[in-house]
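Structural features, examined
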Amino acid sequence: MDEIRRWLDATPLLVLRQQISAPVLILFLLVLMSAVGVTYTAYLNRQAFHQLQTQLMEKNALQEEWGQLLLQHSTLTSHGRVETIARDQLNMDVPGQSRVLVVQP
């Protein structure tokens, strides 16, 4: 009973201070700091990975848009389409041999 009373009267920090030596406390603090460092590094890694995934999705969307624009450009600038527009809308025609000037160097 006396032992229990003595244990209840002692504060936990006082008991720990009496039982734990300085090198063990230093090692404990170093391990704790290391754990916090690992957690923070994992957090930064997750943020960087999320940013990478976002950038890759944006790159893929831009590549898809670029492909569509190239297809549209090739469709709009095809020789047959330009000739049809020139004939129908601008009333142009291909000049005959008599209307072509040949410049001699």
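A few points on the structure. What you see is a predicted model; the values in this text were computed from it and never measured. For every chain, the first residue of the written sequence is number 1, and numbering continues from 1 onward in sequence order. Local features are withheld for residues below a pLDDT of 70 in this predicted model, meaning they are given only at 70 or higher, and side-chain atom pairs are given and counted only at 80 or more; totals for whole chains, interfaces and linings count all residues. Only hydrogens and water are set aside when side-chain values are computed; all heavy atoms of the structure are taken into account.

As for the overall build of the chain
Worth spelling out the cut-off: A run of H or I in DSSP counts as a helix once it spans at least four residues, and a run of E counts as a strand once it spans at least two, with each numbered from the N terminus. Accessible area is worked out with a 1.4 Å probe on protein chains only. A residue is then buried under 20% of its type maximum, exposed over 50%, and partly exposed in between.
In terms of regular secondary structure, the chain is built from four helices and zero strands. Ordered by position from the N terminus, the helices and strands of the chain form the series α-α-α-α. With 105 residues in all, the chain has 1% of them scored as buried.

Section: the pattern of salt bridges
Let me state the cut-off plainly: What makes a salt bridge here is a side-chain nitrogen of Lys or Arg within 4 Å of a carboxyl oxygen of Asp or Glu, nothing more.
Applying the stated criterion across every chain, the model contains one salt bridge. Between Arg87 and Glu83 there is a salt bridge whose closest N-O contact spans 2.8 Å. You can see Arg87 and its partner Glu83 sitting in helix α4 (residues 79–88), four residues apart, about one turn around the helix. A relative accessible area of 28% places Glu83 in the partly exposed class.

Let's talk about a nonpolar patch on the surface
This is how the line gets drawn: Patch rule: a residue counts if its relative accessible area is over 30% and it has no salt bridge; like charges are joined within 9 Å, and nonpolar side chains (Val, Leu, Ile, Met, Phe, Trp, Tyr) within 5 Å. Under the convention used here, a 1.4 Å probe and the Shrake-Rupley method define accessible areas, while residue burial counts only the protein chains that appear.
A surface patch of nonpolar side chains, amounting to about 640 Å² of accessible area, comprises Ile20, Val24, Leu25, Phe28, Leu29, Leu32 and Val36. Looking at the element boundaries, Ile20 is found in the loop between α2 (12–19) and α3 (22–76). Assessed through its relative accessible area of 37%, Ile20 is described here as partly exposed.

Here's the deal with unusual backbone geometry
The backbone of Asn91 sits at a positive phi, close to 55 degrees, despite the residue not being glycine. Relative to the helices and strands, Asn91 resides in the segment after α4.

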